[in-house]
Amino acid sequence: GRVLDVDPEDVLGATLADVVDEVASVLEATRPTNVRLSVSAESGLYAYTHRGFLASAIFNLALNACEAMPRGGELVLATRHCVEPPRGLISIGSELSPPLIDIAVRDEGDGIDETVLDRLFQPMFSTKEHQDGHGYGLYMVQGVIQRTGAGLVVESRPQQGTTMHLLLKEVKRS
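All values reported here derive from a predicted model rather than from experimental measurement. (Residues numbered from 1 in each chain as written. Predicted model: local features only at pLDDT ≥ 70, side-chain atom pairs only at ≥ 80, totals over all residues. Heavy atoms only, no water.)

### What about helix 3 (residues 51-67)?
Filter applied, for reference: Each helix is a run of H or I in the DSSP string that is no shorter than four residues. Each strand is a run of E no shorter than two, and both are numbered from the N terminus. The length a helix should cover is 1.5 Å for every residue beyond the first. The buried label goes to any residue with under 20% of its type's maximum accessible area, the exposed label to any with over 50%, and the partly exposed label to all in between, with areas taken from a 1.4 Å probe on protein chains only.
Here helix 3 is 17 residues long and its end C-alpha atoms lie 24 Å apart, about the 24 Å a rise of 1.5 Å per residue gives. Those residues of helix 3 not exposed but buried are Leu54, Ala55, Ala57, Ile58, Asn60, Leu61, Ala62, Ala65 and Cys66.

Have a look at this one:
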């Protein structure tokens, strides 16, 4: 995996809250009417990542979350500083040490069946009955994670929804 070799100043000139807000405004316009969007972003967080890649990853995770709730529900985008990385059923990408930023994308869907976890990030894999999507969303997210040195932890319980934790190394600004 290739990690970006650039100065964080060049990579993300805005706070993560700004990136999450941008994604949220697009989601607000495109989300199903039965899905409520809730955003909470801790201010002043900076990470070593690529703004466009990050926005794409958050958007793809959020689209998956919307699709996991055909009966509707709440989609939560929450960004926070975290000292201890969350634990989940599966994790991909880098095992990062604190300080970290956790961008959590949470849905109220049916959860992810444990039998499909090992295929979750494969291209063209979809759990949708009618194959509405192309099965590239999580595959693209995995690519972003590998290219930027990020991590992803998947938390899911049957009938209790799923939280995808996109983990980034926090950069302290003076």
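### Digging into the sheet that holds strand 4 (residues 100-106)
For clarity, the cut-off: Two strands qualify as a pair provided DSSP detects at least 2 bridges between them. In this description, a line fitted to the C-alpha atoms serves as the axis of each element, helices being fitted only across the stretch in contact, and the angle between N-to-C directions of two axes falls anywhere from 0 to 180 degrees.
Strand order in the open sheet formed by 6 strands is 1-2-4-6-5-3, with mixed pairing between adjacent strands. Unpaired on one side and paired on the other, strand 1 (35-41) and strand 3 (90-93) mark the two borders of the sheet. With direction set aside, neighbouring strand axes in the sheet form an average angle of 15 degrees. Here strand 5 (residues 151-156) pairs with strand 6 (residues 162-169) via 6 bridges, running antiparallel. The residue of strand 6 that forms the bridge with Leu152 is Leu166.

### What about unusual backbone geometry?
A cis amide bond, omega 5 degrees, links Pro98 with the succeeding residue Pro99. Even without being a glycine, Gln159 presents a positive backbone phi close to 65 degrees. Within the secondary structure, Gln159 is located in the loop between strand 5 and strand 6.

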